[in-house]
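Spelled out, the chains give:
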Amino acid sequence: MSACAALHNCVERPLHAEARGHLMTMASDAPAPNMVSRLAPRLVALAVPITAVVAALALGAIMLIALGASPLSGYAALLDGAFGGWNALADTALKGMPLLLVGVGICIAFRTGVVNLGGEGQIIAGALVATIVSLSIPGTPRVILVPILILAGAMGGALWGAIPGSLKAYYGVSEILSTIMMNIIAAQFLSFLLLDWLAEPQEIRIQQTKRLSPNGDLPVLPGGTRLHLGVVIAIIVAVIGFIILFKSSLGVRLRAVGHNPHASKYAGMPVQRSVVEALAISGACAGIAGAVLVFGSESHRLIGEGGAIGFTQNAGFNGIVTALFGGLHPLATIPAAFLFGGLLTGGIKLQRELQVPAALIVALNGVIVIFVVGSLKLRTRLSAWAARVGGAAQ
């Protein structure tokens, strides 16, 4: 329980501190903020996570040297594998697509003051609902079926997110624990369904569905790469997430609840409903990622071989880091997702070129996660300091 509390404090306290900083800035009696006071906190907020990634890569270089490999050759291979040509860029975008979708949902949940660690389960829930819908209406025209499948994925993820949201809002159950438990339930449910009910009929049972309806395939974008409509959908979801958070009355309410739930309740805002809505919206974003992973894949089927992680590719957890790297801003999460997608794609070529163990790539990603998450409190303090310095410079 102490570890969960530490994670909760690591995420929520910087958010609340940031909120207080924003409120103090808004309440300032200075006439109008100059260019320095506006840009300094944003530049600091951007510089801290970038520095954290650079520091993580420096530690990764030490790990490469310990294995007898050249860090320069390794990182050159990583950059080439991630950004060296149109095909590499397309693969990077595809790797970053589920991270972006999950990350947008994380932005909404975290800014409401709740911690959503259930992205893995919500991805699976969205994939399952979309797959069942596809199997039920395979003959529907493509122009109608594709939007239906995306909405079905969103509904599945929203339901899976609303369950821990309700437990949190009405029964005081920690959303950290409940979302993690929901991940396990979703993984086991996926395995159960693919063992029999949804499994492709054949002599040797494999945990996968039959080839789903071609009418549900996401269209491939022009250019001769594997890039498909899922990337466009992810960017649209990020824009919608930005509008919800910063351009709507719903976003004002959600952020107010995240800043101070007690004051929000005193002001007449439905705090409990807001918590449920935030986790439901967050789950819907992850559910869309699940639908896109199924209908944008090359096999066009739901595959459970290799377990739940084999399907989700850890996007539910990597999406959290992506959102934090983007400062919990939906639009800033777009380049952050592309960056982390590049690390995943380029890591494959790094491993192949240098013949290092696959565990090194996992360790390198883990180090980046630790450094980025660990820099949250520092970023909040430095941003507040930059705001004060900028204000004093007016």
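Just above sits the structure.
Right, let's walk through the structure included here. (Residues numbered from 1 in each chain as written. Predicted model: local features only at pLDDT ≥ 70, side-chain atom pairs only at ≥ 80, totals over all residues. Heavy atoms only, no water.)

### Concerning empty space enclosed by the protein
Tallying each qualifying case throughout the model produces two cavities of 30 Å³ or more. Of all the elements in the fold, those that place two or more residues in the lining of the largest cavity are helix 13 (315–325), helix 14 (333–354) and helix 15 (358–374). Of the residues assigned to the lining of the largest cavity, the class counts are seven nonpolar, two polar and no charged. Of the voids in this model, the second largest cavity is the one considered here, and its volume is about 30 Å³. Lining the second largest cavity, in full, are Gly60, Leu64, Tyr75, Leu350, Leu360, Ile361 and Leu364. (1 Å grid on protein atoms, 1.4 Å probe; cavity = no way out; pocket = protein on both sides within 12 Å on 5 of 7 lines; lining within 4 Å. Points joined across faces, edges and corners; volume = space filled by probe spheres on them. Helix = DSSP H or I, 4+ residues; strand = E, 2+ residues; numbered from the N terminus. Nonpolar A, V, L, I, M, F, W, Y, C, P; charged D, E, K, R; others polar.)

### Overview of helix 6 (residues 142–171)
Its 30 residues give helix 6 an end-to-end C-alpha distance of 43 Å, which sits within 8% of 44 Å, the value for a rise of 1.5 Å per residue. Once helix 6 finishes, Gly172 follows within two positions and takes phi at roughly 70°, a positive value. (Expected span 1.5 Å × (residues − 1).)

### Quick notes on the pattern of salt bridges
Counted according to the given criterion, the structure contains eight salt bridges. For Glu175, the salt bridge identified is with Lys168, shortest N-O distance 3.2 Å. One salt bridge in this structure joins Arg226 and Glu298, with 3.2 Å as the shortest N-O distance. Highlighted residues: Arg226 in the loop between helix 7 (175–195) and helix 8 (229–246) and Glu298 in the loop between helix 11 (271–295) and helix 12 (307–312), separated in sequence by 72 residues. (Salt bridge = Lys/Arg side-chain N within 4 Å of Asp/Glu carboxyl O.)

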